[in-house]
Amino acid sequence: MESIVASASSQIGDVGHENAPRRSPPGTFVIFGGGGDLTRRLLIPAIYNLACAGLLDDHFSIVAVDWTDMSTGQLKQNFHDALKNFTSSRGTESVPLREDVWEWMQSRIRYVRGSFEDEATYAQLAQEVGETNCIFYLAVAARFFGAIVDQLGHSGLAHETDGMFRRVIIEKPFGSDLASAVALNARLLKSLRERQIYRIDHYLGKETVQNILALRFSNGFFEPLWNRDNIDHVQITAAETVGVEQRAKFYEGTGAVRDMVPNHVMQLLAMTAMEAPTSFDADAVRDEKTKVLKAIHAVGREDVVRGQYGAGTIKGEPVVGYREEPGINPQSRTETYVAMKLRIDNWRWAGVPFYVRTGKRLAARKTEIAIHFKSAPYALFRDTPVDKLTPNIMLLHIQPTEGVTMQFSAKIPGPTVHLGGVRMKFDYSEWFKEGPSTGYETLIYDCMIGDATLFQRADNIEAGWRVVQPVLEWERDPGFLHFYPAGSEGPKAADDLLARDHRHWLKIGS
Ligand code: BG6
């Protein structure tokens, strides 16, 4: 994992600075789906940010591949519009687009029009890229992943020679269940070696997710407490206020479990629960992640709550229920929410439940990990007005707030012993003056320099699917779907899941 943060300035104290990162090697960045939304919204802005940071080689170029009938000029215009949009919506203040950077970029963009399944497209592509290093980015619907990689194999485009790399970045969803993920992995491995495959999970591009490992393993005081002797339970929340948006077709066949759990939620869990790797080497990190995911005990049906949003209110505005959304089946049983109680069967975590939940149309947008510590012994306070001790909680805020909060008790000033809960907070944006990013910069740059630490290996992906596979098998069972009003904390059944263990969820809404 190479930091692309060139300089991190602190407000107080002297924080160590990273060494300036090196430029990427020369090469061609080929985007399948170059005319699509992901390319415009995230990939082109990320490449622009890398260019602004001076991290791209002068012999860098972009080839967009798509079937849409348009000229290279039109494509460049689309990218330019997208960049203007992106730069004007960054943070609170508007940042003008750097036209000098755009000039540099635009002279390096080419367009290949063709079908992803047609050999002729690959023959043309081979001419365009010649003998350069290539990254093939699959920003396409999942049904094309296998076919594109087959064609890269047949055409020789996937073939590496001494000193020339060929890498493939694959978006999610990677499979739709365990069997299809295993089959897709096997298909990719017919044309590529594992080290050429970069399976992306955009959560790993988030600074705050990467920071979990730094926080745990670079500080002396967290790790000694990070185990079943001191931790009561862990809550992982990935809550959104958006509904299904314009993605009815994709979401109806997918649902919250497939969309969020084997990938994003499992990555958050793995970062929180894994053992320290021996180095930041890609395989060392991914070995540990896989080990902890494999240690998750098979989930029981009573430990899972599936939910679907009904009509409700979001930010004061009425919104329709999932079944009333355009393009959704009025009898749909697709879940938009899931909560699970997971048990990790290893020496560090046995007996410490990990409660995870994710959903759309919830009370707030919030991704966070809450580490709940065991309560201190009460004996000392027996003869005081304190009736119970509040447990310590450490909150890792992933988004939209980025930082860490420690919650603990302190004596309320006064003649008698009364305790109040207080909070100590580290806020990323207050400490580090970093320009906003799409989250894809680090991932693209890491692929360019051949660092796969932040990408998922085949066994990581399969271990994630193995955890949710039983839930997919019960999804048609009657009664295995609860409803919740849009804008709420989720279904009541999810509260009951924790109440059974005499615990409760932290509130999502403020
Ligand atoms: C995507 C899911 O992978 O992640 C979306 O397909 C979800 O349904 C999104 O909205 C959440 O990402 P983020 O970065 O906004 O938390």
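Since the model is a prediction, treat every value here as computed from it, not as a measurement.

Overview of the site of the ligand
The environment of the ligand is made up of K172, H202, Y203, K206, E240, R247, D259, H264, K360, R365 and Q399. Contact between the ligand and R247: an oxygen atom at 2.8 Å from a side-chain N or O atom of the residue. One nitrogen or oxygen atom from the side chain of K360 is found 2.9 Å from an oxygen atom belonging to the ligand. Considered on its own, the ligand offers 400 Å² of accessible surface; in the complex 82% of this is hidden by protein. Partitioned by chemical class, the residues of the shell around the ligand number one nonpolar, three polar and seven charged.

Description of helix α3 (residues 99–106)
Taken together, the buried positions of α3 are occupied by V101, W102, M105 and Q106. One side of α3 carries all its buried residues, which in axial view fall inside an arc of 125°.

Notes on the packing of aromatic side chains
Taken as a whole and judged by the stated rule, the model has 17 aromatic pairs. The interplanar angle of 5° and the centroid separation of 6.3 Å between the aromatic rings of F60 and W104 together place this pair among those described as stacked. Separated by 44 residues along the polypeptide, F60 in strand β2 (residues 60–66) and W104 in helix α3 bring together distant segments of the chain. Its relative accessible area of 22% is what places W104 among the partly exposed residues. Following the ring pairs from residue to residue traces out a cluster consisting of F32, F116, Y122, F136 and F144. A cation over a ring is seen here: R108 above W104, with NZ or CZ 3.9 Å from the ring centre. For the cation-ring pair, R167 lies above F165, with the distance from its terminal atom to the ring centre recorded as 3.5 Å.

Observations regarding the nonpolar core
The biggest cluster of nonpolar side chains holds 127 residues, and the ones touching the most others in it are F32, F136, L138, M340, L342 and F354. Counting residues per element, this core draws most heavily on helix α9 (residues 255–273), which supplies ten residues. Of the residues that make up this core, three or more belong to each of domain 1 (27–171) and domain 2 (204–437 + 449–500). Contact partners of F32, with chain neighbours within four places excluded, come to V65, F116, Y122, L125, F136, Y137, L138, A139, V140, I148 and L152.

Scoring rules and cut-offs
- Residues numbered from 1 in each chain as written.
- Predicted model: local features only at pLDDT ≥ 70, side-chain atom pairs only at ≥ 80, totals over all residues.
- Heavy atoms only, no water.
- Near = heavy atom within 4 Å.
- Polar contact = N/O pair within 3.5 Å; in protein donor to acceptor, adjacent residues only side chain to side chain.
- Areas by Shrake-Rupley, 256 points an atom, 1.4 Å probe, with all protein chains shown as cover.
- Nonpolar A, V, L, I, M, F, W, Y, C, P; charged D, E, K, R; others polar.
- Buried < 20%, exposed > 50% of the residue type's maximum accessible area, 1.4 Å probe, protein only.
- Helix = DSSP H or I, 4+ residues; strand = E, 2+ residues; numbered from the N terminus.
- Arc of directions from axis to C-beta.
- Phe/Tyr/Trp six-rings, centres within 6.5 Å; stacked < 30°, edge-to-face > 60°.
- Lys NZ or Arg CZ within 6 Å of the ring centre and 35° of its normal.
- Core = buried A, V, L, I, M, F, W, Y, C linked by side-chain atoms within 4.5 Å.
- Domains from an automatic or database assignment.
- Contact = heavy atoms within 4.5 Å.

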